[in-house]
Amino acid sequence: MANDDLGRTLRRLRRLASLTQEELADRSDVSVDVIRQLEQGRKHSARLPTLHALANGLGVELTTLLGDPPAVSSGENDGPRFVAMRRAVMPVLWGPEPAPPTPEFSLDRLREQIADGWTQYHSAEFDTVMKALPDLISDARTATASEDGDDRRAGFAALGKALQLAGHVAVRMGKTDLALTSLERAIGAAGQSGDPLLVPMIVNSVAWTYQRQGRLDDALTIALRAAADIADMGRTDTADGLKVWGALTMSAATSAARSGDYERAAAMMETAEKEASRVSKLPEAGDNRMVSVFSPSSVRIERVRLAVQYAHPQDALALAKGMRLSKDTPPSWRTWLLLDVARAHTDTGDATGAVKTLESLRRVAPTWMQHHTLAVAIVRDLWSLPNHPPGLASLAEFLGVRE
């Protein structure tokens, strides 16, 4: 996000939250004069603690205020790939029903392609996923027309996962209403799949989308209900069931934290971390790429994120110290951890620690970092300091911060 956009975004989010400038100032403990200057474009940036406070006062993630990574146009004039994805999610009215699959059709190949799509999504290869999604969704709809009952149910499961993936991509494009449409259709397909875990998995995606819209109470309610249903049905005695329950519990914790109840969120995360230790001891049923992300590593990463987002940077650094990530931790989670640790170092005044962490992030995910608005914000914050630690000049030049 360009600096000039910060004030417009702040004003839009404040109005969506039905807050006056004075009410936002009271909620965030940021002076109304600073808010007024930002919205009027007389002030083009602010220090990270101020941005954190404003985001918390608005009930949004900091990246919502700064702009979501990677930088992808979210205007009304969408490109051909996005139009194709819309058509796949919402087929034309009165269009033909899907024809049964031909003998050459392979459900196994389709499932593998959808799993690859999730891997690419977690690697922030959104353009690649968008290109593949129309065919994946079309092929999955074809599978739902199979004359064999088992294949038909498997087709609905594939359609549910493909539409869920489309929903996630739509969120990243800033199209949350399209995301909810895709996810509602995914839940409809999942209900015909015979997989008891697929609906709650997609409900977790809906909760995340509600969070992005600022509907924190709705997100908290549906995540807690879906998690309780899984536990009541005894589904947490398998690795897959426990992963879905855990992901929903972490989602509920995030909503609680963003609603201002950090203590409740911390308690949920501690419970999730204890349960995550059981995952490796339980039987798995399917492809890890098609199941919710939940492990001791992911819980600890999320605890670090919550701590740093809600003004507990020392807790974040203590939680991150000595972490060993499991092999199944997605690349997106690994990169987020490094970014959050850099934020925590910045918030505690440890510029050298922040730079070292950002240098690690640059080695691990240079393209992702280059497009990430929060990485730019951290480096800009450090660049404004009178004393620059070694390595900061190179990072500033890499991210276009250095003038």
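Residues numbered from 1 in each chain as written. Predicted model: local features only at pLDDT ≥ 70, side-chain atom pairs only at ≥ 80, totals over all residues. Heavy atoms only, no water.

A.B. asks: It is not clear to me how the overall build of the protein chain should be interpreted in this structure. Could you clarify?
C.D. replies: The secondary structure content of the protein chain amounts to 21 helices and 0 strands. In terms of overall size, the protein chain behaves like a compact globule, its C-alpha atoms giving a radius of gyration of 22 Å where 403 residues would be expected to give roughly 22 Å. Taking the principal axes of the C-alpha coordinates as reference, the protein chain spans close to 70 × 50 × 40 Å. Looking at the protein chain as a whole, 51% of its 403 residues are labelled buried. (Helix = DSSP H or I, 4+ residues; strand = E, 2+ residues; numbered from the N terminus. Rg over C-alpha atoms; globule rule 2.2 N^0.38 Å. Buried < 20%, exposed > 50% of the residue type's maximum accessible area, 1.4 Å probe, protein only.)

A.B. asks: Hey, could you run me through the nonpolar core in this one?
C.D. replies: Ile137 and Phe294 are the most contacted members of the largest nonpolar core, which totals 89 residues. In terms of residue count, helix α9 (residues 149-172) provides more of this core than any other element does, 12 residues in total. Not counting the four nearest positions on each side in its chain, phenylalanine 294 is found in contact with Leu242, Lys243, Trp245, Gly246, Ala247, Met250, Ala272, Glu275, Ala276, Val279 and Val299. Residues Ala46, Ala342, Ala351 and Phe398 belong to the second largest nonpolar core, which totals 44 residues. (Core = buried A, V, L, I, M, F, W, Y, C linked by side-chain atoms within 4.5 Å. Contact = heavy atoms within 4.5 Å.)

A.B. asks: Got a minute to help me understand the confidence of the model for the protein chain in this structure?
C.D. replies: When pLDDT drops low, the exact placement of atoms in the prediction is not to be read closely. This prediction gives the protein chain a mean pLDDT of 88; 95% of its residues lie at or above 70. Confidence drops under pLDDT 50 across residues 70-77; counting only partners more than four residues distant or on other chains, this segment forms 7 contacts. (pLDDT = per-residue confidence, 0-100.)

A.B. asks: Got a minute to help me understand the pattern of salt bridges in this structure?
C.D. replies: Note that side chains of opposite charge can pair when their charged atoms are close. One pass over the structure, following the stated rule, counts 12 salt bridges. Across the pair arginine 111 and aspartate 108 runs a salt bridge, and its minimum N-O distance is 2.6 Å. Linking arginine 111 with aspartate 108, this pair stays in helix α7 (residues 107-122), spanning 3 residues, or about one helical turn. We note a salt bridge from arginine 153 to aspartate 150, for which the minimum N-O separation is 2.5 Å. In this pair, arginine 153 and aspartate 150 both sit in helix α9, 3 residues apart, roughly one turn of the helix. (Salt bridge = Lys/Arg side-chain N within 4 Å of Asp/Glu carboxyl O.)

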